[in-house]
Amino acid sequence: MRRIALAAAALASLAVLAATLRTGDAAAVEPDAGGGITVQGSATASTAPAKAQLTFGVETRADTAKGALAANATAMRKMLAALRAAGGGDLRTQSVWVSSFYGENGPQGFTATNSVTTSTAIGKAGGLIDAAVDAGANQVSGPSMSAEDEQALYRQALKQAVADARERAKVL
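About the thresholds
- Residues numbered from 1 in each chain as written.
- Predicted model: local features only at pLDDT ≥ 70, side-chain atom pairs only at ≥ 80, totals over all residues.
- Heavy atoms only, no water.
- Helix = DSSP H or I, 4+ residues; strand = E, 2+ residues; numbered from the N terminus.
- Buried < 20%, exposed > 50% of the residue type's maximum accessible area, 1.4 Å probe, protein only.
- Contact = heavy atoms within 4.5 Å.
- Areas by Shrake-Rupley, 256 points an atom, 1.4 Å probe, with all protein chains shown as cover.
- Core = buried A, V, L, I, M, F, W, Y, C linked by side-chain atoms within 4.5 Å.
- Phe/Tyr/Trp six-rings, centres within 6.5 Å; stacked < 30°, edge-to-face > 60°.
- Lys NZ or Arg CZ within 6 Å of the ring centre and 35° of its normal.
- Pairing = 2+ DSSP bridges.
- Axes fitted to C-alpha atoms, helices over the stretch in contact; angles between N-to-C directions.
- Salt bridge = Lys/Arg side-chain N within 4 Å of Asp/Glu carboxyl O.

Engineer: When you look at the overall build of the protein chain in this model, what are you seeing that I'm missing?
Structural biologist: When you go through the protein chain residue by residue, the secondary structure sums to 4 helices and 4 strands. In the protein chain, the order of α-helices and β-strands from amino to carboxyl end is α-β-α-β-β-α-β-α. Taken over 172 residues, the protein chain has a buried fraction of 23%. In the protein chain, the share of contacts with a sequence separation of at least 24, taken over all contacts with a separation of at least 6, comes to 75%. As displayed, the protein chain offers around 12200 Å² of accessible surface, 55% of which is attributable to carbon and sulfur atoms.

Now the structure itself:
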């Protein structure tokens, strides 16, 4: 009995070894470079914008760079307070710069510019613009509108595009 078990184990080992060494019958599966079919799907997802991004700035001039910056800082503090009071949150500095300005007779003084960006609900955009301009903003840009959850819209469109591609593939 023991000899039969030993012989069966040896035979099984030889079969496994032969199967791994004999690769002539096994063909590797390679993609067919010229015979494939590609199916594309498309979809769109849209929604009404919910957020507005606005940029507000103050430009001031003075005889010196220091004077232009000081005047600008005063005007910006007033404008920032007005934006916060009107519901503007997450105020971010967009740019600050100082440069000289020229007239017909050469350099005339310095200009300081400072701008901030904020996002708000669409319905509050007009109130923020009014508050900023009333407080001294002399540069307004926007609104740049966007959806509340753009990633969810993207995922929705992607799912619809895959479903569209599957439907097109079924026809083939």
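Additional details are given in the paragraphs that follow.
Engineer: Teacher, can you tell me more about the environment of A73 here?
Structural biologist: Mapped onto the secondary structure, A73 falls in helix α2 (residues 65-85). Residues A73 and T113, 40 residues apart in the sequence, show an inter-C-alpha distance of 9.5 Å.

Engineer: What should I look at first to understand the nonpolar core in this one?
Structural biologist: A general feature of soluble globular proteins is that nonpolar side chains tend to end up buried together. Counting 17 residues, the largest nonpolar core has F56, M76, M79, L83, V116 and A132 as the members making the most contacts within it. Of all the elements in the fold, those that place two or more residues in this core are β1 (51-62), α2 and α3 (125-134). No other element matches the 6 residues that α2 contributes to this core. Leave out the neighbours within four places in its chain, and M76 touches V58, N114 and V116.

Engineer: Teacher, can you tell me more about the packing of aromatic side chains here?
Structural biologist: Aromatic ring pairs: the centre-centre distance and the angle between the two ring planes describe each pair. Within the structure shown, the criterion is met by 0 aromatic pairs. Across from the ring centre of F101, 4.0 Å away, lies the NZ or CZ of R61, which sits over that ring.

Engineer: I'm lost on the sheet that holds strand β2 (residues 89-103) in this one. Help?
Structural biologist: Picture the strands of a sheet paired through backbone hydrogen bonds; they go either parallel or antiparallel. The 4 strands lie next to each other as β2-β3-β1-β4, forming an open sheet whose pairing is antiparallel. The sheet terminates laterally at β2 and β4 (139-146), the two strands that pair on one side only. Neighbour-to-neighbour, the strand axes of this sheet turn through a mean angle of 15°, independent of strand direction. Pairing of β1 with β4 involves 6 bridges; the strand directions are antiparallel. Paired with K51 across the strands is S146, a residue of β4. The strands touched by α3 within the sheet are β1, β3 (106-121) and β4, with β1 carrying the most contacts at an inclination of about 10°.

Engineer: Please clarify how the pattern of salt bridges should be interpreted in this entry.
Structural biologist: Close approach of charged atoms lets side chains of opposite charge pair. All told, the structure shown has 3 salt bridges when counted by the stated rule. Among the salt bridges present, the one from R92 reaches D90, with a minimum N-O distance of 3.2 Å. For the pair R92 and D90, a shared accessibility class is recorded, and that class is exposed.

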